[in-house]
Amino acid sequence: MSLTIINDLHLGVKRQAGTTESSRLALQKWQRSRFSSLLDGITGALLVAGDVLDDFLVDEDTVTFVWSEFTRWIGRDSSNELFLGAGNHDWSEKAGRMSHFGMLAFFLEVSRVPNVTIIRPNEMVMVHKDVGYLAHCSNQVRFDEELNEILDIKAMRHHIRFLVLHANYDNNFAVESDNSLNVSAEMARRFTDAGISLVFAHEHQRRVPKDQYPCIYVMGNQIPTSVSDCLGNDSKYLTVIEY
């Protein structure tokens, strides 16, 4: 048995600098093709660990495309199970309206697509056996509160071995930004001392901090949408937790 994790696909991206209308459309078309190919190679439990869409609002046809692809994928095999988690691009506490991530979740729910779990902001859900996913939180204070609760209560209750987060790892530039949450090295060490490995979405470049290997793993994204996604490291991988 296994759990596959994909993250930060940013479908519906619209790059402006150094692009033309045709190149923007070509990027979106390529993104969609890569997304379909990723799904075709996955069977079983799938966690989308935030930012399946590029922004709070994208083109409506992107929303319907993602909905149809998830529906197609789930219908392909009765063992397929989707956990769709919120990231920082998927939701804003101050927006006062439904995001397109929320609309995608609504479509999946009202169309009664089976084997779908939506993980909304500020929620922690056990996605597979002893793997938890904590979705994007409304601010750093709330995020830290959730992390402390997981350490104090939820880890014991659920026997968590892996915790997947949509956040930066040990990034001082993100400490004061509620839109981009951060786990300090000190906080991470509390988890690893408790026997819980942390798996990070949100950062687009894959990295494995040497001082915390193999307990800290930053996955990187699977579909690059800018040059910066590949600078110094053009390897892109799915992440699989096997049992």
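Caption draft 1: Molecular detail of the overall build of the protein chain. Looking only at helices and strands, the protein chain has 5 helices and 12 strands in total. In terms of overall dimensions, the protein chain is globule-like: its C-alpha atoms have a radius of gyration of 17 Å, near the 18 Å expected for 243 residues. Principal-axis analysis of the C-alpha atoms gives the protein chain an extent of 50 × 40 × 40 Å. For the protein chain, the residues scored as buried account for 52% of the 243 residues in total. Across the protein chain, contacts joining residues at least 24 apart in sequence account for 69% of those joining residues at least 6 apart.

Caption draft 2: Representation of the packing of aromatic side chains within the structure. Tallied over the full model, the rule gives 4 aromatic pairs. A network of ring pairs unites the aromatic residues Phe-35, Phe-65 and Phe-70 as a single cluster. Across the ring face of Phe-65, the terminal group of Arg-32 is positioned such that the distance to the ring centre comes to 4.8 Å.

Caption draft 3: Summary view of the pattern of salt bridges. Under the criterion given, the structure shown has 9 salt bridges. The salt bridge partner of Asp-59 is Lys-14, with a shortest N-O separation of 3.0 Å. On the criterion of sequence distance, the pair formed by Asp-59 in the loop between β2 (45-49) and α2 (60-76) and Lys-14 in the loop between β1 (2-6) and α1 (21-40) is long-range, its members being 45 residues apart. A relative accessible area of 26% means that Asp-59 is categorised as partly exposed. For Lys-14, a relative accessible area of 46% puts it in the partly exposed group. Measuring nitrogen to oxygen at the nearest pair gives 2.9 Å for the salt bridge that ties Arg-32 to Asp-61. Of this pair, Arg-32 sits in helix α1 while Asp-61 sits in helix α2, and the two are 29 residues apart along the sequence.

Caption draft 4: Quick peek at the environment of Val-218. Within the secondary structure layout, Val-218 lies in strand β11 (residues 216-218). C-alpha separation for the pair Val-218 and Arg-32, spaced 186 residues apart in sequence, amounts to 24 Å. Leaving out residues up to four positions away in the same chain, Val-218 has contacts with Tyr-169, Phe-200, Glu-203, Gln-205, Arg-206 and Arg-207.

Caption draft 5: Expanded view of the sheet that holds β11. Spatial ordering of the open sheet is given by β5-β6-β7-β10-β11, a layout of 5 strands whose pairing is mixed. Strands with a single pairing partner mark the edges of an open sheet, and in this sheet they are β5 (124-128) and β11. Averaged over all pairs of adjacent strands, the angle between strand axes in this sheet comes to 25 degrees, irrespective of strand direction. Relative to strand β6 (residues 131-134), β5 runs antiparallel, the two being bridged by 4 bridges. Note that in β6 the partner of His-128 across the bridge is Val-131.

Caption draft 6: Representation of a nonpolar patch on the surface in the model. On the surface, a nonpolar cluster with roughly 290 Å² of combined accessible area is contributed by Met-98, Phe-106 and Val-110. Position of Val-110 among the secondary structure elements: in helix α3 (residues 100-110).

Caption draft 7: Spatial organisation of the environment of Ala-105. Residue placement: Ala-105 occurs in helix α3. Assessed through its relative accessible area of 1%, Ala-105 is described here as buried. Sequence separation between Ala-105 and Gln-222 is 117 residues; the distance between their C-alpha atoms is 22 Å.

Rules behind the numbers
Residues numbered from 1 in each chain as written. Predicted model: local features only at pLDDT ≥ 70, side-chain atom pairs only at ≥ 80, totals over all residues. Heavy atoms only, no water. Helix = DSSP H or I, 4+ residues; strand = E, 2+ residues; numbered from the N terminus. Rg over C-alpha atoms; globule rule 2.2 N^0.38 Å. Buried < 20%, exposed > 50% of the residue type's maximum accessible area, 1.4 Å probe, protein only. Contact = heavy atoms within 4.5 Å. Phe/Tyr/Trp six-rings, centres within 6.5 Å; stacked < 30°, edge-to-face > 60°. Lys NZ or Arg CZ within 6 Å of the ring centre and 35° of its normal. Salt bridge = Lys/Arg side-chain N within 4 Å of Asp/Glu carboxyl O. Pairing = 2+ DSSP bridges. Axes fitted to C-alpha atoms, helices over the stretch in contact; angles between N-to-C directions. Patch = residues over 30% accessible without salt bridge, like charges linked within 9 Å, V, L, I, M, F, W, Y side chains within 5 Å. Areas by Shrake-Rupley, 256 points an atom, 1.4 Å probe, with all protein chains shown as cover.

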